[in-house]
Each structure stands twice: as C-alpha cells, then as structure tokens.
Amino acid sequence: MEQTLNHETRGRLTKDGIRIYDDADFAGMHAAGRLAAEILDAMAPLVFPGQTTGAIDRRITEMVEEAGATSATIGYKGYKHASCISVNHVVCHGIPGDKVLKDGDILNIDVTVIVDGWFGDTSRMYVAGKLPRKAERLIEITHNALMLGIEAVKPGNTFGDIGHAIQGYVESHRMSVVRDFCGHGLGRVFHAPPNVLHYGRPGTGAVLEPGMFFTIEPMVNLGRPETKTLADDWTAVTRDKSLSAQFEHSVGVTEDGAEIFTLSPAGKFHPTY
C-alpha cells in the first residue's frame, strides 16, 4: 500500500521522523506478525488451478475474524478486501474477485492484520499447479533479495545499504527492481516513515537504530521495472507485461541486527520449500 501520514504518541521520533519503539513493543509486533504469517500458511492448500482469488480472500477474511483480529485493508481508502492478490504480471495491489487461476500461474498474497493495536504486514508467493522454470527463478531471486535486504539491517547501517543489497543482487541476475512502490514504517499505524526503497547507494538515507519497525518488500520483474496502475486505481502491473514477484517481511531493528516479526510458523514462506 502507498505511503500515508499517520501519527501516534508511542516512543520517540528521530530527526528523520522515524519512530523508535521500546523493547516491550517487540512482543506486540511478534503477535501481529505471527497471525498474519499463520493466515498465509493456511492459504497454500487453497491455491490451485480452477480456484478464484475471491475464494482465497473470503477465507482470509474468515480467519481474521476467527482470531478476533481486524483487517487493516478492509475500509482502507475504500478498499473492500482482507488481502491483495497479485497474479503473474500484476506487481501489487491486485483486487481479489472472480479471476480463475490457471495451471502455472504465480501469485502474491499480501495480508495485514491488527492485533491489540499492532500491525502485522507480510506477503509471499504461491503457485497454482506446476511452477514454470522462468517463474521459479524469478521467485528464488526475489526471495533471496528480501533476505539479503534483511541481512543489511543492523544499527549504524543505512536504508541505502538495504536498497543497495537488494538492487545489486537482483540486477546481477538480469532482473529489475520496481521503483514505484516501497516498504514503509509501521507499528501502531499501517504506514509511517520511513519509505524503504529497494534500490539505492550504500551509506545514504537515514541511519538504522534499535527500535525501528518497518517492512521490506521488494518487487522484482523479469523484464523492465516500469509499472502502470489500472483504471481501478489499485492494480499495478508491469508495463511490458513481464512476470513480477514479491516477498515481504515486517522487521524490527535490534542491538545487533534484525528480528523478523512475520516468520512462517510452518516454514512455508517460500513456495518450493
């Protein structure tokens, strides 16, 4: 989702407007992140040829309600669904509906839940039926890029270091990083500073400090990086109609690295693991 301005009183702000949370706040983010990850774990058996994206979203809505949580996306700027489901050349913000999945389709499912006021935001890739080789390679590179970005999260590094790690790896494999969308701060709000770019130069941008919470969510295209947004004002697609993939984790900066709040309890974050 796009950057919006939100404000809260918890913690302190850096000179860049980034909120610093307390050690006790990590537990709230872990609870929200775990629920989001559990919901995505449960989606794997529901992704198959002949399934509709609307049916997947309905089950997500049910699981959020069964958990006593709240969907962060239902009602957000008029959005009506508990997930974004982006298929093949859809980069992000795909709207669930009557679209029927075909054999070999790849899709990203993105879920954000609110648990006791904390936001858990994560997305991952799925495949309907047999995974084509070129799609498998795209998914692998995108997943690895996310993890390399997370490895760059440590106090004293910068957000430019995160973007550089992702961009350098992706482009070394002759794929492209989408520049029109980015990660974002979160916590007790859905979107807050900083914008977490998935490209950049080492040593640039705000310096990472313990207590920062944000998402890293690289979108990688097999073709060129340019996107366009369709007439529904949500769905973003690749301009050249090349395949796109995305993985997203919510993380917190610790004294010596990063904690991932949205780890898959069942180890299903990557569709081929």
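In this numbering scheme, every chain counts its residues from 1 along its sequence in written order. At least 70 in pLDDT is required for a residue's local features to be given in this predicted model, at least 80 for side-chain atom pairs to be given and counted, and no such filter applies to totals for whole chains, interfaces and linings, which use all residues. Here the side-chain values reflect all heavy atoms present in the structure, with hydrogen atoms and water set aside.

Trainee: Now, about the packing of aromatic side chains: what can you tell me, with residues and values included?
Mentor: Each Phe, Tyr or Trp ring (for Trp, its six-membered ring) is paired with any other whose centre lies within 6.5 Å, and the angle between the two planes then decides the class: stacked below 30 degrees, edge-to-face above 60, tilted in between. In this structure the tally under the stated criterion is ten aromatic pairs. Here Phe-213 and Phe-261 contribute two aromatic rings whose centre-to-centre distance is 5.2 Å and whose plane-to-plane angle is 85 degrees, an arrangement assigned as edge-to-face. Residue Phe-213 is found in strand S11 (residues 213–216), and its partner Phe-261 is found in the segment after strand S17 (258–260); the two are separated by 48 residues along the sequence. Like Phe-213, the residue Phe-261 is buried in the burial classification. Among the aromatic residues, those joined into a ring-pair cluster are Tyr-21, Phe-26, Trp-118, Phe-213 and Phe-261. Note on geometry: a ring has a charge over it if NZ (lysine) or CZ (arginine) is within 6 Å of the ring centre and within 35 degrees of the ring normal. The side chain of Arg-179 reaches across the aromatic face of Tyr-199, ending 4.8 Å from its centre. Put simply, DSSP marks the helices as runs of H or I at least four residues long and the strands as runs of E at least two long, and each gets a number from the N terminus on. Burial here depends on accessible area, computed with a 1.4 Å probe over protein chains only, as a share of the maximum for the residue type. Under 20% is buried, over 50% is exposed, and the range in between is partly exposed.

Trainee: Quick one: what's the story with the sheet that holds strand S13 (residues 227–229), residue by residue and with numbers?
Mentor: By definition, the strands of a sheet pair up through backbone hydrogen bonds, in either a parallel or an antiparallel sense. Ordered by their spatial adjacency, three strands build an open sheet running S5-S14-S13, and the pairing between neighbours is antiparallel. A strand with exactly one partner marks an edge of an open sheet, and here the two such strands are strand S5 (90–92) and S13. Going across the sheet, the axis of each strand differs from the next one's by a mean of 40 degrees, ignoring polarity. Alignment of S5 against strand S14 (residues 236–238), held across two bridges, turns out to be antiparallel. Within S14, the position partnered with Cys-92 by the bridge is Ala-236. Strand pairing is assigned whenever DSSP identifies at least 2 bridges connecting the two strands. Geometry is summarised by axes, namely lines fitted to C-alpha atoms with helices restricted to the contacting stretch, and by angles between N-to-C directions that run from 0 to 180 degrees.

Trainee: An account of the environment of Lys-228 is requested, with residue identities and associated values reported.
Mentor: Take Lys-228: it is sitting in strand S13. Assessed through its relative accessible area of 32%, Lys-228 is described here as partly exposed. Remark: the alpha-carbon pair of Lys-228 and Val-47, spanning 181 residues in sequence, is separated by 26 Å. Contacts between residues were defined by any pair of non-hydrogen atoms, one from each residue, lying within 4.5 Å. Setting aside residues no more than four positions away along its own chain, Lys-228 makes contact with Thr-235, Ala-236, Val-237 and Arg-239.

Trainee: Describe the state of the cysteines, with residues and values.
Mentor: The disulfide definition used here is simple: a pair of cysteine sulfur atoms within 2.5 Å. Evaluated as defined, the whole model comprises zero disulfides. Take Cys-84: it sits in no disulfide, and the sulfur closest to it among the cysteines is that of Cys-92, at 7.8 Å. Cys-84 gets classed as buried once you look at its relative accessible area, which sits at 4%. Judged by relative accessible area, Cys-92 falls into the buried class, the value being 5%.

Trainee: Describe the pairing of strand S7 (residues 118–127), and please don't skip the residues or the numbers.
Mentor: Burial runs high along S7: nine of the ten residues are buried. Across ten bridges, the pairing between strand S6 (residues 106–115) and S7 is antiparallel. Looking across to S7, one finds that Leu-107 is bridged to Tyr-126. Connecting S6 to the antiparallel partner S7 that follows it, the hairpin turn spans two residues, and Asp-116 within it adopts a positive phi of roughly 50 degrees.

Trainee: Talk me through the packing of helix H3 (residues 133–151) against helix H4 (residues 159–172); I want residue IDs and the actual numbers.
Mentor: Between H3 and H4, the least distance of the axes is 8 Å, while the angle of their chain directions is 155 degrees. Between H3 and H4, the angle falls in the class roughly antiparallel. The element H3 and its partner H4 pack so that their crossing is right-handed. Each of Ile-141, Asn-144, Ala-145, Leu-148 and Gly-149 in H3 lies in contact with H4, whose residues at this interface are Ile-162, Ala-165, Ile-166, Tyr-169 and Val-170. Orientation labels follow simple angle bins: below 35 degrees gives roughly parallel, above 145 gives roughly antiparallel, 65 to 115 gives roughly perpendicular, and whatever is left gives oblique. Crossings are assigned a handedness: left-handed for a near helix turned anticlockwise from the far helix by less than a right angle, right-handed for a clockwise turn.

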